[in-house]
Amino acid sequence: MQRAQAKDIKGQVIRFVHHHCNPCFRALHALWLVGLLLLPLPAPAQETQATLEGLLQQLATRGEVYIAGETVYDLPVTQQIYAENAYTPAWTNPVALQELSAAIGEAEREGMNPGDYHQPAVQGLLDGSLTLDNASRDLLLTDSLLRLTYHYAFGKVDPKTYVATWNFDRTLPQVDPVQWTLGMISNGGITAALERLKPTGPMYALLVHALTQYRAIDAGGGWGTIDPGPTLRLGDTGPRVAQMRQRLQAEGDLAEDNYPNPELFDDTLMQATIRFQRRHHLDADGIVGKQTWAAMNVPVAQRIGQIRVNLERARVLQDMPATAVVVDIAGFEVSLYRNGERLLRSRAQVGRPYRSTPTFRDEITYIVFNPTWTVPPSILKHDTLPEIKRDPGYLRRKNMQVLTRDGTVVNPASVNWQLYPGRGFPYTLRQQPGPTNSLGRLKIMFPNEHMVYLHDTPSRDLFSRSERTFSSGCIRVEEVLELAQFLLDDPAWDQAAIANVIAAGETRRVSLRQPIPIYLVYWTVEVQEDGAVHFKRDPYLRDDAMIDVLARPLKPDPARMAQYQTGV
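Along each chain, residues carry numbers from 1 onward, in the same order as the chain's sequence is written. Two thresholds apply to this predicted model, a pLDDT of at least 70 for residue-level local features and 80 or more for giving and counting side-chain atom pairs, whereas whole-chain, interface and lining totals are computed over all residues. Based on all heavy atoms of the structure, the side-chain values leave hydrogens and waters out of the count.

Some points on the side chain of R240
Where we set the bar: Labels follow the DSSP assignment, with helices taken as runs of H or I lasting at least four residues and strands as runs of E lasting at least two, numbered in each case from the N terminus. Whether a residue is buried, partly exposed or exposed follows from its accessible area with a 1.4 Å probe, protein chains only, as a fraction of its type maximum: under 20%, in between, or over 50%, in that order. The charge count includes Lys and Arg as positive and Asp and Glu as negative, but it does not include His or the ends of the chains. Each salt bridge in this description consists of a side-chain nitrogen of Lys or Arg and a carboxyl oxygen of Asp or Glu lying within 4 Å of one another. The term polar contact refers here to a pair of N or O atoms within 3.5 Å; inside protein, the definition further demands a hydrogen-donor-capable atom paired with an acceptor-capable atom, and it admits residues adjacent in sequence only when both atoms are side-chain atoms. The contact criterion used throughout is that any non-hydrogen atoms of two residues lie within 4.5 Å.
Tracing the sequence through the fold places R240 in helix 11 (residues 239–250). Although R240 is buried, it makes no salt bridge; D227 carries the closest opposite charge, 6.1 Å away. Within the structure, the side chain of R240 is placed 2.9 Å from the backbone oxygen of P230, a separation counted as a polar contact. The contact partners of R240, leaving out residues within four places of it in the chain, are I226, D227, P228, G229, P230, L232 and W293.

Written out as structure tokens, the structure reads:
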């Protein structure tokens, strides 16, 4: 292999000399250079080269090798890096090791597990407490860098493994990954190269700052718990009030000051409680009932884990366009952004835990005013048919029609409802437009396999609840008329025009001038621009599973790594 490489370089040298030198000098210079290139490598270099080839062959055969107690996995990029580098060490630039160590430290600051990137061994090589042969050292450092690159590019684990509906894509730098990696190492550009893979929006930076803040609280001893007991409210006294005061001070909701009577629930403490409740998406009434008490007793370590989970979500959910509708499932909100500016923020109702709203992206294409509603099969089986059997007047009260598969209207009295849902239901139930229609006055469509969409609702009183998991998967939007106006983006479609169409009572479909991206996402931590950290409830209980994912050893998936290999 060394001879073959030398022959290739020999040809390049001859071509260079032929084009750039005078005839006499050309002949002499070419002979000298080619002879130099064909000289054998020094013995130590040959030994390192042979050891590297042997390690890489073991890697290809076994799928993994162990170096200094660390597992190095066989990745396509690893093999290509050394094949293209003639199986010579890549880590000859002394600055590169320092940069790699700093990058691992930065990854830890961003909520990643430094052990996933061989931090103990890298630090040992840097400070001299670990000695390895050149080949093992080189391969270990390359694996560390590739793991960091992989994690920033794809996330630690494929999101589809824990969110089946996931269809978000990443746009990676269009580069040759082998040359890019070698360039990072040889030119001292590790920090800058990894920055290109990180989320660029302010949300990521704010979450990183929040993680630093809560780790500092943890390092200072965290916060104490509040003993169980009756509801606490303005005017109450006792040691539990003093515990609550210390708890609110720890997170900054209450200023640290000398209070005349720390065991008195005074107005200052009530306002601090309201701030805490708003940050935790609770009913902001200033009363410490069961939910507020439970939220106050969540340990700081759990909050740190929650922030780390959302940093991981941010890494795998990038490239969100500046103009889009965003459904914040855990926050029970819908927002519309245009050119990066949030024009609308509305409360929303989302799916119940057992009929959860899926996480995915799509495009809104049209709006239907005065829609009909065809009862989906799952709701039909579990809700509607049992209700009809209990209440013969249900269909009339809900303004529903019974139709055959070809659309013929059937008299409900002719159907033996007692047979269903025990056997296949041969009809379709369709609710007519009107004030009781489950979709309200309009629905906003982004046709998808999950059969979910945004819509109005007659159950508007539920928007006042702090936890709003009431639907069967679709998203009910409080300010749906305003959202429709923004989406139509046409002066002719103002609120008066929309009201007139609704008042007419006829079903009408209106296409958007151009499709608008929509993202249904699941965030349980949000940091406001003023630095206030908001912890949302975890209605679908996904955070703990993600914390487990972050705790597992990182094992890059070669199939996903192939995307990086091609620069896609």
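Structural notes on the pattern of salt bridges
Taken as a whole and judged by the stated rule, the model has 23 salt bridges. Notably, a salt bridge pairs R247 with E251, separated by 2.9 Å at the nearest N-O pair. Comparing R247 with E251, the two get one shared label, buried. Its salt-bridge partner being R345, residue E333 comes within 2.9 Å of it at the nearest N-O pair.

Considerations on helix 15 (residues 377–390)
The following threshold applies: Under the convention used throughout, the expected extent of a helix is 1.5 Å for every residue step, that is, one less than its residue count. In this analysis the local bend is the angle between axes fitted, respectively, to the seven residues ending at and the seven residues starting at the residue.
In this model helix 15 runs 19 Å from its N-terminal to its C-terminal C-alpha over 14 residues, within 8% of the 20 Å that 1.5 Å per residue would give. Where helix 15 bends most, at T384, the angle is about 35°, and the proline P386 comes one to four residues later. Of all the positions in helix 15, only I379, L380, T384, L385 and I388 are classed as buried.

Re the packing of helix 11 against helix 12 (residues 267–279)
Rules: In this analysis, axes come from line fits to C-alpha atoms, helices being fitted only over the stretch in contact, and the angle between any two N-to-C directions falls in the range 0 to 180 degrees. Orientation labels follow simple angle bins: below 35 degrees gives roughly parallel, above 145 gives roughly antiparallel, 65 to 115 gives roughly perpendicular, and whatever is left gives oblique. Working rule for handedness: look at the near helix, and if it is turned counterclockwise from the far one by less than a right angle, call the crossing left-handed; if clockwise, right-handed.
For the pair helix 11 and helix 12, the least separation of the axes is 11 Å and the interaxial angle reads 55°. If you check the angle between helix 11 and helix 12, you find them oblique. Regarding helix 11 and helix 12, the two cross each other, and that crossing is left-handed. Here helix 11 contributes V241, M244, R245, R247 and L248 to the contact with helix 12, which in turn contributes L269, A272, T273 and F276.

Describing the environment of P553
On the secondary structure map, P553 appears in the loop between helix 19 (543–551) and helix 20 (558–565). Look at P553 and you get exposed, because its relative accessible area is 70%. The contact partners of P553, leaving out residues within four places of it in the chain, are D116 and K156.

Things to note about the pairing of strand 8 (residues 400–403)
Quick reminder of the rule: Two strands make a pair as long as DSSP finds a minimum of two bridges between them.
Bridging between strand 8 and strand 10 (residues 428–431) involves four bridges; their strand directions are antiparallel. Residue V402 lies in a different strand from strand 10, and its bridge partner there is L429. Both strand 8 and strand 9 (residues 409–410) contribute to a ladder of two bridges, which runs antiparallel. Considered in strand 9, the bridge of V402 is made with V410. Linking strand 8 to strand 9, which pair antiparallel, is a turn of five residues; within it G407 sits at a positive phi near 95°.

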